[in-house]
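Analysis of the macromolecular model
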Amino acid sequence: MTPADISRTVLHAVRRAVDEDALRAPVPARVRVERTRPGGSGDYACAVALQLAGPAALPALEVARILRERVAAEPGVGRVEITGPGFLSFTLDAPAESDRAVLDAVREQGLAYGHGDALRDEILQLHHAREVRAAVTAHAVRRLLMAQGARVRTTCAPEPDPDWARLGVTVDAHGTPPVPLPALRPVPAGATAGELLERLGPDATRWGLLRTAAHDRPALGPELLVQGEANPLFRVRYAHARARALTRGAALLGFTAEPAATTAYDAAARPLLDLIADHPGALLAGARHRAPDRVARQLEAVAHAFFDFHDSCPPLPAGDEKPSAAHRARLALAEAAGTVLAGGLSLLGIRAPEHL
């Protein structure tokens, strides 16, 4: 069960409580779920009871009790506790079962893992200046929003730069809108699309424009082309390529991936498993905050955890070693990481080559 799954579960519990007249309060559009902080109880926590206490005219602890029994009955949730002034803390089922569910979800959904319908009721127009970073940011934000179910239109003033098409950027309309619109205004790139494409090519240009937070000046130097670990873009793409190479290597050895069903993964796998589970939440946050840099940083973290896992728990047997259940389980995790990396890069408009 992922944070996005827990959020939907809690939201469903709120709706049930309202429908059953156990709670008289407006159902929120979304519920924020976060990992429990060090020293806290459970795996995840949320403050929805505190959020609803005022509208419901009830103490937060009473709201938490109403929701607790409804959430605890949901599959995948092992235990629900009430902590502090009314926080709900969730402990998931046995890690192996939870891990298997996450990896199965990645396998079933493929590059669409992390997409959802949380923003299905939103109709948006993104307006931006005739500047390459604003255009690329609007294009990436649009893809993130649409992946969460929103309907989105992009406009710019005045007309688009013809070179934007070489970066994959499309604009639905241009000109001054009849009604003032909130505009995406990242710090300008300081160069035109044509200049950046000539120096860096489309993938490195998009990464350089999107990786840095909108309020900071983007790094667009030759380091984006370095084929080494010091270059985050290379590291992300290389992790994806390596994951694909593992699948090809396993096929040559006569075995395929199989997520662990009854035993938990090695402790070295935990950071990577957690990041894959958190991926849907990272995509949703990137969409809500109009912040593709959050997705880029998530991909960097996945790539870093992938290499740590790969070095500690090799997915392929070495020498005379025979493929085992552990190798099949590790390969499943490696393949899931590769899928997450490819899907995230795709949303940013960047290719994920299978060979580097």
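Residues numbered from 1 in each chain as written. Predicted model: local features only at pLDDT ≥ 70, side-chain atom pairs only at ≥ 80, totals over all residues. Heavy atoms only, no water.

Unfilled space is identified by rolling a water-sized probe across the atoms. Its volume calculated, the largest pocket comes out at about 1,300 Å³. Taken together, 46 residues form the lining of the largest pocket, with Ala4, Ser7, Gly281, Leu284 and Arg288 sitting closest to its centre. For the lining of the largest pocket, the elements supplying multiple residues, two or more each, are helix H1 (3-19), strand S1 (34-35), helix H4 (95-109), helix H8 (270-288) and helix H9 (292-312). Along the lines of polarity and charge, the residues of the lining of the largest pocket split into 21 nonpolar, 11 polar and 14 charged. (1 Å grid on protein atoms, 1.4 Å probe; cavity = no way out; pocket = protein on both sides within 12 Å on 5 of 7 lines; lining within 4 Å. Points joined across faces, edges and corners; volume = space filled by probe spheres on them. Helix = DSSP H or I, 4+ residues; strand = E, 2+ residues; numbered from the N terminus. Nonpolar A, V, L, I, M, F, W, Y, C, P; charged D, E, K, R; others polar.)

Attention now goes to the sheet that holds S1. Strand order across the open sheet formed by 4 strands is S1-S2-S4-S3, with antiparallel pairing between neighbours. Of all the strands in the sheet, the pair left with one neighbour each is S1 and strand S3 (77-83). Summarising the sheet, S3 and strand S4 (residues 87-92) pair through 6 bridges and their orientation is antiparallel. Across the sheet, Ile82 pairs through a bridge with Leu88, a residue of S4. (Pairing = 2+ DSSP bridges.)

Here we come to helix H3 (residues 60-72). If you check H3, its first and last C-alpha atoms are 18 Å apart, about what 13 residues at 1.5 Å a residue would give, namely 18 Å. Burial in H3 covers these residues: Ala60, Val63, Ala64, Ile66, Leu67, Arg70 and Val71. Those residues of H3 that are buried lie in contact with H1, helix H2 (48-56), S3 and S4. (Expected span 1.5 Å × (residues − 1). Buried < 20%, exposed > 50% of the residue type's maximum accessible area, 1.4 Å probe, protein only. Contact = heavy atoms within 4.5 Å.)

The next thing to look at is the nonpolar core. Counting residues in hydrophobic clusters, the biggest one holds 75 residues, and the most contacted among them are Val132, Leu145, Trp207, Leu272, Ile276 and Phe306. Looking at this core element by element, the count peaks at 10 residues for helix H10 (residues 325-347). With residues near it in sequence (within four places) discarded, Phe306 still touches Ala239, Arg242, Ala243, Leu246, Leu272, Ala334 and Ala337. If you look at the next biggest cluster of nonpolar residues, it comprises 26 residues, including Ala17, Tyr44, Ala64 and Leu88. (Core = buried A, V, L, I, M, F, W, Y, C linked by side-chain atoms within 4.5 Å.)

With that out of the way, let us pick up the pairing of strand S5 (residues 123-129). Across 7 bridges, the pairing between S5 and strand S6 (residues 151-157) is parallel. Pairing of Ile123 across the sheet is with Arg151, part of S6. For the segment spanning S5, helix H5 (residues 132-147) and S6, crossover handedness is right-handed. (Right-handed = clockwise from strand over helix to strand, strands pointing away.)

The description of an aromatic ring pair uses the distance of the two centres, along with the angle that the planes make with each other. Going through the model one piece at a time under the given rule, you end up with 3 aromatic pairs. When the centroid spacing of 5.6 Å and the interplanar angle of 5° are considered together, the rings of Phe234 and Tyr238 count as stacked. Of this pair, Phe234 and Tyr238 both sit in helix H7 (residues 232-253), 4 residues apart, which is roughly one turn of the helix. Measuring from centroid to centroid gives 5.6 Å for Tyr238 and Phe307, while their planes differ by 20°, and the two rings are stacked. Of the two residues, Tyr238 is situated in helix H7 and Phe307 in helix H9; the sequence distance between them amounts to 69 residues. Among the residues examined, Phe307 registers a relative accessible area of 11% and is labelled buried. An aromatic cluster of three or more residues is present, and its members are Phe234, Tyr238, Phe306 and Phe307. (Phe/Tyr/Trp six-rings, centres within 6.5 Å; stacked < 30°, edge-to-face > 60°.)

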